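# Tertiary structure, described
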Amino acid sequence: DVNTKNIVFGDSGGATDDRLTFGSGTDLSIYHDGSRSVIAESGTGPLRLSTDEFQLMNAAQDETMIYAAQNLGVSLNYDSSTKLQTTNTGVEVTGKLETTTFISVAADNQDLKVGAGDDIKLFHDGTDSFIHGTAGTRYLKIRAAETRMVNEANSEIIARFIEDGAVELYYDNEKVVQTTGNGLKTLVS
């Protein structure tokens, strides 16, 4: 009879003491080992939590770290502020998204869109790659002290655009034309 009482276990020193265990081979154990609390599942199947709504909170129970609800998605939080949330159309990220490798759009004719009105799109149509400034974009600007167009192997210059300097055009990695303060200069005869 545990009515109005607690079941008290000491700190567990191993698999045979002070643990609440389930299963024929103690497949599931709940215990405290003196420095951490553990729910350990070591059986053949997964640890399954079954609920229509799930909330993982801090120890003080005043901040939600993970929230999940049936047909509403899952949200991951930082300091109770949602940073990543699943939706019926995909995933929404609030704040900065950092990656240590790359972002992959794994199908042709799928856009990477930037801007409040999806003003610029990067995409590949199966044959060619595009940077597309949409109707909401007045100019497509590339800002740098020097801009270079190079071949795919990054071993040859095709064109250089130099701030406060020349525009240079190349043929087979050799400069053939450049602008000057007086106009245009051809470098080959």
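Residues numbered from 1 in each chain as written. Predicted model: local features only at pLDDT ≥ 70, side-chain atom pairs only at ≥ 80, totals over all residues. Heavy atoms only, no water.

## Some remarks on the overall build of the protein
Worth spelling out the cut-off: The secondary structure listing takes helices from DSSP runs of H or I that are at least 4 residues long and strands from runs of E that are at least 2 residues long, numbered from the N terminus. Between the two quantities, the radius of gyration covers C-alpha atoms and the globule rule is 2.2 Å times the number of residues to the power 0.38. Burial classification: accessible surface area is computed with a 1.4 Å probe over protein chains only, and a residue below 20% of its type maximum counts as buried, one above 50% as exposed, and the rest as partly exposed. For this analysis, residues touch if any pair of their heavy atoms sits within 4.5 Å. Working definition of accessibility: Shrake-Rupley area with a 1.4 Å probe, residue cover restricted to the visible protein chains. Positive charges come from Lys and Arg alone, negative charges from Asp and Glu alone, with His and the N- and C-terminal ends not counted. Every charge is mapped to an atom, namely NZ of Lys, CZ of Arg, CG of Asp or CD of Glu.
If you tally the helices and strands in the protein, you get 0 helices and 16 strands. For the protein, whose C-alpha radius of gyration is 30 Å, the value lies well above the compact-globule estimate of 16 Å for 189 residues. With the C-alpha coordinates of the protein rotated into their principal frame, the extents come out at 100 × 35 × 35 Å. For the protein, the proportion of its 189 residues judged to be buried stands at 12%. Summarising the internal contacts of the protein: among those between residues at least 6 apart in sequence, 0% fall at separations of at least 24. When the accessible surface of the protein is totalled, it reaches about 15400 Å², and 50% of it is carbon and sulfur. Seen as two clouds, the 15 positive and the 28 negative side-chain charges of the protein have centres 8 Å apart.

## As for the layout of surface pockets
Counted only if it meets this: Within this scheme a cavity is a closed region of a 1 Å grid, computed over the protein atoms alone, that accommodates a 1.4 Å probe without allowing it to escape, whereas a pocket is open but has protein on both sides within 12 Å along at least five of seven lines; lining residues each have an atom within 4 Å of a point. Grid points are joined across faces, edges and corners, and a volume is the space filled by probe spheres set on the points.
Counted as a void, the largest pocket has a volume near 270 Å³. What lines the largest pocket is simply Thr-89, Gly-90, Val-91, Glu-92, Val-93, Leu-97, Ile-103 and Leu-112. The biggest single contributor to the lining of the largest pocket is strand 8 (residues 90-93), with 4 residues.

## Structural notes on the side chain of Ser-29
Structurally, Ser-29 can be placed in strand 2 (residues 28-32). Residue classification places Ser-29 among the buried residues on the basis of a relative accessible area of 7%. Discounting chain neighbours no more than four positions away, the residues touching Ser-29 are Arg-19, Leu-20, Thr-21, Val-38, Ile-39 and Ala-40.

## Some remarks on the packing of aromatic side chains
The line we're drawing: Between the rings of Phe, Tyr and Trp (Trp by its six-membered ring), a pair exists once the centres lie within 6.5 Å; its type follows the angle of the planes, with under 30 degrees stacked, over 60 edge-to-face, and the other angles tilted.
Tallying each qualifying case throughout the model produces 1 aromatic pair. Ring geometry for Phe-123 and Phe-130: centres 4.9 Å apart, planes at 15 degrees, overall stacked.

## Considering the side chain of Ser-12
With respect to the helices and strands, Ser-12 occurs in the segment before strand 1 (20-22). Judged by its relative accessible area of 6%, Ser-12 is buried. Residue contacts for Ser-12: discarding those within four places in its chain leaves Asp-17, Asp-18, Arg-19, Tyr-31, His-32 and Asp-33.

## Thoughts on a nonpolar patch on the surface
Applicable threshold: For patches, a residue must show more than 30% relative accessible area and have no salt bridge; joins then use 9 Å for like charges and 5 Å for nonpolar side chains, namely Val, Leu, Ile, Met, Phe, Trp and Tyr. Whenever a carboxyl oxygen of Asp or Glu lies within 4 Å of a side-chain nitrogen of Lys or Arg, that contact is scored as a salt bridge.
Taken together, the side chains of Val-74, Leu-76, Leu-84, Val-91, Val-93, Leu-97, Ile-103, Val-105, Leu-112, Leu-122, Ile-131 and Leu-140 define a hydrophobic patch exposed on the protein surface, amounting to about 1000 Å² of accessible area. Of all elements in the fold, only strand 6 (73-78) and strand 8 reach the threshold of two or more residues within the nonpolar patch. Looking at Leu-112, the relative accessible area reads 39%, which means it is partly exposed.

## Structural notes on the pairing of strand 2
Convention followed: The pairing criterion for strands is at least two bridges between them, as found by DSSP.
Burial along strand 2 is one-sided: the residues Ser-29 and Tyr-31 are buried and none of Leu-28, Ile-30 and His-32 is. Hairpin connection from strand 1 to strand 2: 5 residues lie between these consecutive antiparallel strands, with Gly-23 at a positive phi of about 95 degrees. Where strand 2 and strand 3 (residues 37-41) come together, 5 bridges link them in antiparallel fashion. By the bridge assignment for strand 3, Tyr-31 is matched with Val-38. Where strand 2 folds back onto strand 3 in an antiparallel hairpin, the turn is made up of 4 residues, including Gly-34, whose phi is positive at roughly 105 degrees.

## Notes on unusual backbone geometry
In this model, Asn-71 sits at a positive phi of 65 degrees, which is unusual for a non-glycine residue. If you trace the backbone, Asn-71 turns up in the loop between strand 5 (64-69) and strand 6. A positive phi is found at Asn-154, a non-glycine position, where the angle reads about 60 degrees. By secondary structure assignment, the location of Asn-154 is in the loop between strand 12 (146-150) and strand 13 (157-162). By relative accessible area, Asn-154 is classed as exposed at 59%.

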